[in-house]
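# Coordinate inspection notes
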Amino acid sequence: MTAAASERPCRIALLGNPNTGKTTLFNRLTGLRQRVGNYSGVTVERKVGQFRHGGREFFLHDLPGAYSLAATSPDERVAIDYLCGRLKGEEGRPDAVLCVLDATNLKRHLFLCLQACDLGLPVVVAVNMVDAARKEGLELDLPLLEKRLGVPVVPIVAREGEGLDRLREALHGAVRDQSRPTPGSWPGVVVEGTARLRLLLPQNARGQATDAELRRILFDADSAVAERLGWHKEARRAALEQARHLLRGGGYNPGSAEAVILYQRIALLLEGVANRKAALSEGLTERIDRFLTHPVFGLAAFFTLMAAVFISIYKVAEWPKGLIEAGQGWVQGLAANALEGSPMLSSLVSEGIIAGVGGVLSFLPQILILFFFLSLLEDTGYMARAACLMDRLLRWSGLNGKSFVPMLSSFACAIPGVMAARTIDDPKARLTTILISPFMSCSARLPVYLLCIGAFIAPVFGPTVAGLSLFAMYLLGLGIALPTAWALNKFVFKTKPGALVIELPPYRRPRARDVFWRMWLAGKGFTVNAGTVIFALTFVIWALSYFPRPDSVAQNIRTAFRAETSLAETSLAGREALAAAWAAASRGLEGEEAVKAALASFAEGRKTTPAAVELAAAQVAELEHRTASAYLEQSWMGRAGHAVQPVFEPAGFDWKITVGVLASFPAREVIVATLGTLYSLGGDVDEENTPLRERMAAERWPEGTARAGQPVFTVPVAFGIMVFFALCQQCAATVSVIAREAGWRWAAASFFYMTVLAWIGAVLCQQIGSRLG
């Protein structure tokens, strides 16, 4: 190897089965020097970290966990493509492969390792959890295994950091010396079948394909390796049948030939390597599992635990979220005071920039709390048991038991729920779970429910029906989500429900360092990736709601309101105080505190009464609210509301409700503040605000409409609004997170589907409800 080659950075592929501690090892080796993204052209997560050893830089690529290199799923396809140097956006084959094995289950985990060794790359084997093997009474002769494999075999305990220095040295040596595994012998019929495939390959691919890649095609009829070589399914069918006929002639079933051959080789490799000292009595794992995997007691324990997790996400997050929102309000107040002389700049900084940053940070507590619990459940080994318990309940829809936790988490917030789907190994089940998680009624929908139920359901039907209505909104999302999952798996992904195959690891004590590390990575990933999109969308919505802003709007409102209030106020003191208020407002002093200061200054000089000052201040506040409402109506957002309103006409939505729907895209709960502004009450109202409920109840359709003079808000309309928000994906943060986890194509499809479904639900509520009276 030349000096220049020896100095260049090395690329190491980290390969292993799920539950081998691969991610823990990756974090231990790379520390903070890692980045997360997606592989080019696919939605599989790409994790790359760096470390130095022996004066050389190593880039560690954490490949998706896999049980084999069959390359039928996206995760397996990424693994084999990367190892063969055929992955788009990557520079050829890696310099070496680091295979991680579980010391307590060497027989099964060596299968993937031998497949990697067959590719002809330098290989280093890390045997993890040797401490657990010792506790189980296993004696491992790893030097003997190293001799038989012909590659370095390093015992480690990734959780404790044991053996990592020796592992780094082994990787450095493997790359430096280009030491490759001892080639395993294949039966003659496999060699003949491989040669037959090479002869029948397209001419341009014969010189590119390696024998290892041809064996992948021979053993895996649907392998993506053939597609990478430009050999499409129809074209290779006859050739593959000829090669597989040779396997049958040698007594092998083509579908299981590789497993039979490799497990025979594994049995020889492990002979004398793994010896159990004595038969052990029932261990702690078995005793705990008798209760936690019980069909009755296990489910009861699981739902109790999940309830505690759900309540924690929902309740514990309120305190830090409240602090973030309070801090946001305080900073907004400072910005408004500092930029008092420039209303547009003040609104930009306060309602655009600060609100955008605050909107991103407000989701962090729920995400961090969720990943705290997920890390605990995964590290202890309980998550695999929970998946088994829930698998039977979800299997009919094409999901597996691992989908339950993300779905449950989405009742608090869809964002951590979508991110929690990372724990699902099956790519199609993961994608389905991501797409249905937003149907769960998150906490952001609650203000909409409470506003509509409190204003229109409870006064008519009483508290019992009101409570049942709230419960029905939470059930609605779940009732739509599972049939949607069934339809996706039946008609889109075309997967058949199957039994969940999962390894139950022994129970282990979680390490605080690993738990908080995962929380950090989840929070960082959300803030950096999804946060930038959320911030940008918040800024866009602010601009659409603020511009254009002609002075004539404020002048017209001020003139009309001044005439109205001057006629109503007859006392000299009241008129003088009001005149001072108009003077303050005309100088651009917006905000209640500025007006009060101007009136107080006037009152000291003119001896007017405090009551008159208070009355004038209230009138100026009303003026500001009316002006804000008028500006919002004529803004681009308001104009869009008027333009789109005919689409929502069948649902009974007027232009104000439509503006609220459009403006609430950054976050659903924004509709309450938007309606407060449109009804001239200011944007600081909440769902319990009595004046807002009263004005909504008093709202009538204007002249010139088919419903002229009739109430806008009826019971069917109230239910329609709730159903619309229950089913619609009115959350920019969720859309951006789905785009990050699954790609923009699926994010757009999800948003479109849920919006159409929500519109249909709202229309049905109005049309059926109005006919029932």
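Whatever comes next refers back to the structure up there.
Remember, predicted model here, so these are calculated numbers, not experimental data.

The full count for this structure, using the stated rule, is 14 salt bridges. Of the charged contacts in the structure, one is a salt bridge between glutamate 213 and arginine 86, with a shortest N-O distance of 2.6 Å. Here glutamate 213 is found in helix 9 (residues 211-219), whereas its partner arginine 86 is found in the loop between helix 3 (74-83) and strand 5 (96-102), with 127 residues between them in sequence. In this structure glutamate 213 comes out as buried when scored by relative accessible area, which is 2%. Residue glutamate 649 pairs with arginine 707 through a salt bridge whose shortest N-O separation is 2.7 Å. With a gap of 58 residues between them, glutamate 649 in the loop between helix 29 (636-648) and helix 30 (655-663) and arginine 707 in the loop between helix 32 (690-698) and helix 33 (715-727) connect regions that are remote in the sequence. For glutamate 649, a relative accessible area of 28% translates into the label partly exposed. Linked through salt bridges whose partners overlap, the residues forming this network are Lys22, Lys47 and Asp62.

A complete count under the given rule lists 0 disulfides for this structure. Cysteine 113 carries a free sulfur, and the closest cysteine sulfur to it, the one in cysteine 99, is 4.0 Å from it. A disulfide-free cysteine, cysteine 117 has its sulfur positioned 4.2 Å from the sulfur of cysteine 113, the nearest such atom.

Quick look at the nonpolar core now. A general trend in soluble globular proteins is that nonpolar side chains are found buried together. Judged by nonpolar contacts, the single largest core of 89 residues is most densely connected at Phe302, Met306, Phe371, Phe653, Ile721 and Phe724. Beyond its immediate sequence surroundings of up to four residues, phenylalanine 653 is in contact with Gln645, Phe648, Thr658, Val661, Trp701, Val717, Gly720, Ile721, Phe724 and Ala762. Residues Val125, Val157, Leu197 and Ile266 belong to the second largest nonpolar core, which totals 64 residues.

This next bit is on the packing of helix 23 (residues 463-492) against helix 33. A pair of packed helices is captured by two measures, namely the crossing angle of their axes and the spacing between those axes. Between helix 23 and helix 33, the shortest axis-to-axis distance is 10 Å and the interhelical angle comes to 40°. Here helix 33 runs oblique to helix 23, going by the angle between their axes. Where helix 23 crosses over helix 33, the handedness of that crossing is right-handed. Residues Ser469, Met473, Leu476 and Ile480 of helix 23 touch helix 33, and the partners they reach there are Phe719, Met722, Val723, Ala726 and Leu727.

With that settled, the discussion passes to helix 23. For helix 23, with 30 residues, the first-to-last C-alpha span of 43 Å sits near the 44 Å given by 1.5 Å per residue. What helix 23 keeps buried is the set Ala466, Ser469, Met473, Tyr474, Gly477, Ala481, Leu482, Thr484, Ala485, Leu488 and Asn489. Turning to helix 23, the residues buried within the fold contact helix 18 (382-394), helix 19 (404-409), helix 21 (427-436), helix 22 (446-461), helix 33 and helix 35 (744-772). Directly beyond the C-terminal end of helix 23, a positive phi value near 55° is found at lysine 494.

A separate point is the pairing of strand 5. With respect to burial, strand 5 is a largely interior element, 7 of its 7 residues being buried. Alternating residues of strand 5 divide into Ala96, Leu98, Val100 and Asp102 and Val97, Cys99 and Leu101, and every residue in both groups is buried. Judged from the 5 bridges that link them, strand 1 (residues 10-16) and strand 5 form a sheet pairing that is parallel. Note that in strand 5 the partner of glycine 16 across the bridge is valine 100. Where strand 5 and strand 6 (residues 123-128) come together, 6 bridges link them in parallel fashion. From the neighbouring strand, aspartate 102 faces strand 6, where its bridge partner is asparagine 128. In this fold, the crossover linking strand 5 to strand 6 by way of helix 4 (residues 106-117) has right-handed handedness.

About the thresholds
Residues numbered from 1 in each chain as written. Predicted model: local features only at pLDDT ≥ 70, side-chain atom pairs only at ≥ 80, totals over all residues. Heavy atoms only, no water. Salt bridge = Lys/Arg side-chain N within 4 Å of Asp/Glu carboxyl O. Helix = DSSP H or I, 4+ residues; strand = E, 2+ residues; numbered from the N terminus. Buried < 20%, exposed > 50% of the residue type's maximum accessible area, 1.4 Å probe, protein only. Disulfide = S-S within 2.5 Å. Core = buried A, V, L, I, M, F, W, Y, C linked by side-chain atoms within 4.5 Å. Contact = heavy atoms within 4.5 Å. Axes fitted to C-alpha atoms, helices over the stretch in contact; angles between N-to-C directions. Parallel < 35°, antiparallel > 145°, perpendicular 65-115°, else oblique. Left-handed = near helix turned anticlockwise from the far one by under 90°. Expected span 1.5 Å × (residues − 1). Pairing = 2+ DSSP bridges. Right-handed = clockwise from strand over helix to strand, strands pointing away.

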